[in-house]
Amino acid sequence: MLAGGAGPGVQKAMEIVVALGQIYGARDLVPVTSVQVSGVSYKNLGDAGLAFLEEWAAQGAQARVPATLNPAGMDLSDWSHLGFSPDFAQRQTAVIEAYVSLGITPTCTCTPYLVGYVPQFGQHVAWAESSAVSFANSMLGARTNREGGPSALAAAITGRTARYGLHLDANRRATAVVDVQCPVRTEADLGALGYQVGRLVRNGVPYFRFGARLDWQPGSWVWKTFGAAMAASGAVALWHMEGLTPEAEMGDVVASGAHSFVVDDLGPAYDALNGSAQEVDLVSIGCPHASLAEIEDVVTFLGGRQLKAALWITTARATREAAQRAGLVERIESAGGRVVADTCLVVAPVASLGHRTMATNSAKMASYTPSHSGLSVRFGSMEQCLEAAVTGRWPAAGR
Ligand code: F3S
């Protein structure tokens, strides 16, 4: 491949894989069983990114392992109803077509593990979306570094990645032990905790101990939000939790010389993530992309009430279709909300859709939105966010 025998597109991909291996001192390459590619929204790629992809595709390169895509900048079928411009839609469609011609499946989701792409414990993969990397490493025990868009695409085309970082046992041990000594009662509290710990440990590997303080039984969807927060405020790609994650109970999981931290107050994270807006005109649920259980929770909480603010539940297309079959999409739409596939409110041009303030139950969304989209943000639990969707105001009793 490196010598060009498999064509120029494959040669370019192998050059990227080998260059990264040399930079990080990898001994060899390792085959990967799946790839997840980021860099999909035309809002971020622009014309230069689109031309780069089209040129690579024209060189005849093809993914040789199952490979999926991160969210795009719009719902690929419902963009016009949602207010996206035809010009943006045409360019976004061209990006997707370039990826499809490279052999990438256009799942357009940050939760491939919710739609059938579930790596097994110990498998090596090359995933790019930071929240998905966190989930694959931590909750599933798969092995991936946090790939960039081009390096993930190169891994898909070569079927290999360089063996360094989290592909090696030694780098999977915890570099920090975090004792949580304050109550954690909602997914927003977990997101705030993740946000705070990400800032402390940066790109380290935290090991969490909750003692008796996590007396609430979170649904499984909550852990994707927790990992996403750590990946957003720091660059945490792997975390362990006593009694939860598969590598936590394996011997020697904590590296010698690991730092120790105590978290006894989530106030600093809530303060950092919350703006002062009282009126809310957009509510975002589904960062990372919502599971079916999460969409069910929204319907249960709304209980048929009508919404004053816009509500976008972002999810994978396959999850949206399952929610549609279960009658959930109809109930959300009849309340005035939307279940939006293929995109997310960070990579979509939401300011151009006329929104100015957002409420979200995702610490990742709350931390990215002011800088990416210019909206003022309120961060709290799903219940607080949905209450804001019903009344158009951030609930007074919230943090
Ligand atoms: Fe997914 Fe977008 Fe959040 S890519 S993790 S919904 S910021």
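Because the structure is a prediction, the values reported are computed rather than measured. (Residues numbered from 1 in each chain as written. Predicted model: local features only at pLDDT ≥ 70, side-chain atom pairs only at ≥ 80, totals over all residues. Heavy atoms only, no water.)

Overview of the environment of E383
In step 1: Within the secondary structure layout, E383 lies in helix α14 (residues 382–391).
In step 2: Given a relative accessible area of 40%, E383 falls into the partly exposed group. (Helix = DSSP H or I, 4+ residues; strand = E, 2+ residues; numbered from the N terminus. Buried < 20%, exposed > 50% of the residue type's maximum accessible area, 1.4 Å probe, protein only.)

Regarding the nonpolar core
In step 1: With 76 residues, the main nonpolar core has L193, F208 and L311 as its most contacted residues.
In step 2: Looking at this core element by element, the count peaks at seven residues for helix α7 (residues 187–201).
In step 3: Contacts of L311, omitting those with residues within four sequence positions, involve V283, I285, V298, L302, I332, G337, R338 and L386. (Core = buried A, V, L, I, M, F, W, Y, C linked by side-chain atoms within 4.5 Å. Contact = heavy atoms within 4.5 Å.)

Details of the sheet that holds strand β2 (residues 35–37)
In step 1: Strand order in the open sheet made by the three strands is β3-β2-β4, with parallel pairing throughout. Strands with a single pairing partner mark the edges of an open sheet, and in this sheet they are β3 (67–69) and β4 (126–127).
In step 2: Pairing geometry for β2 and β4, over two bridges, is parallel. Residue pairing across strands places Q36 opposite W127, the latter belonging to β4. (Pairing = 2+ DSSP bridges.)

Brief notes about the environment of D28
In step 1: One can find D28 in the loop between α1 (8–23) and β1 (29–31).
In step 2: For the pair D28 and E249, spaced 221 residues apart in the sequence, the C-alpha separation amounts to 29 Å.
In step 3: When near neighbours in sequence (up to four residues on either side) are disregarded, D28 contacts A162 and R163.
In step 4: Looking at D28, its side chain comes within polar contact range of the side chain of R163, at 2.7 Å. (Polar contact = N/O pair within 3.5 Å; in protein donor to acceptor, adjacent residues only side chain to side chain.)

Here's the deal with helix α12 (residues 328–335)
In step 1: Of the residues making up α12, those classed as buried are L328, V329, I332 and A335. What you see down the axis of α12 is that its buried residues fit within an arc of 130°, all on one side. Of the exposed residues in α12, those oriented more than 90 degrees away from the buried face are E330 and S334.
In step 2: For α12, the secondary structure elements touched by its buried residues are α10 (292–302), β11 (310–315), α11 (317–325) and β12 (338–341).
In step 3: Two residues or fewer after α12 comes G336, characterised by a positive phi angle close to 110°. (Arc of directions from axis to C-beta.)

Describing the sheet that holds β12
Adjacent strands of a sheet form backbone hydrogen bonds with each other and so pair up, either parallel or antiparallel.
In step 1: Spatially, five strands are ordered β12-β11-β10-β13-β14 in an open sheet, and the strand pairing comes out parallel. Pairing within the sheet leaves two strands with one partner each, and these edge strands are β12 and β14 (376–379). Between one strand and the next, the sheet's axes are offset by a mean angle of 25°, whatever the strand orientation.
In step 2: Pairing analysis gives three bridges linking strand β10 (residues 282–290) to strand β13 (residues 357–360), with the strands arranged parallel. The residue bridging L282 from the neighbouring strand is M358, located in β13. (Axes fitted to C-alpha atoms, helices over the stretch in contact; angles between N-to-C directions.)

Remarks on the packing of α1 against helix α6 (residues 149–158)
In step 1: Here α1 crosses α6 at 120°, and the two axes come no closer than 8 Å. Considered as vectors, α1 and α6 are oriented oblique to each other. Crossing angle aside, the handedness with which α1 passes α6 is left-handed. Of the residues in α6, those touching α1 at G9, V10, A13, M14, I16, V17 and L20 are P150, S151, A154, A155, I157 and T158.
In step 2: Considered class by class, the residues forming the contact of α1 with α6 number 10 nonpolar, three polar and no charged. (Parallel < 35°, antiparallel > 145°, perpendicular 65-115°, else oblique. Left-handed = near helix turned anticlockwise from the far one by under 90°. Nonpolar A, V, L, I, M, F, W, Y, C, P; charged D, E, K, R; others polar.)

Considerations on the site of the ligand
In step 1: Near the ligand the following residues occur: P71, C110, E129, S131, G286, C287, P288, C344, V346 and K364.
In step 2: Looking at the shell around the ligand, the element that brings in the most residues is β10, giving three residues.
In step 3: When residues are assigned to domains, the shell around the ligand turns out to be shared by domain 1 (8–169) and domain 3 (274–391), each giving three or more. (Near = heavy atom within 4 Å. Domains from an automatic or database assignment.)

A closer look at the side chain of Q384
In step 1: Counting through the fold element by element, Q384 comes out in helix α14.
In step 2: A distance of 2.9 Å separates a polar atom in the side chain of Q384 from the backbone nitrogen of S381.

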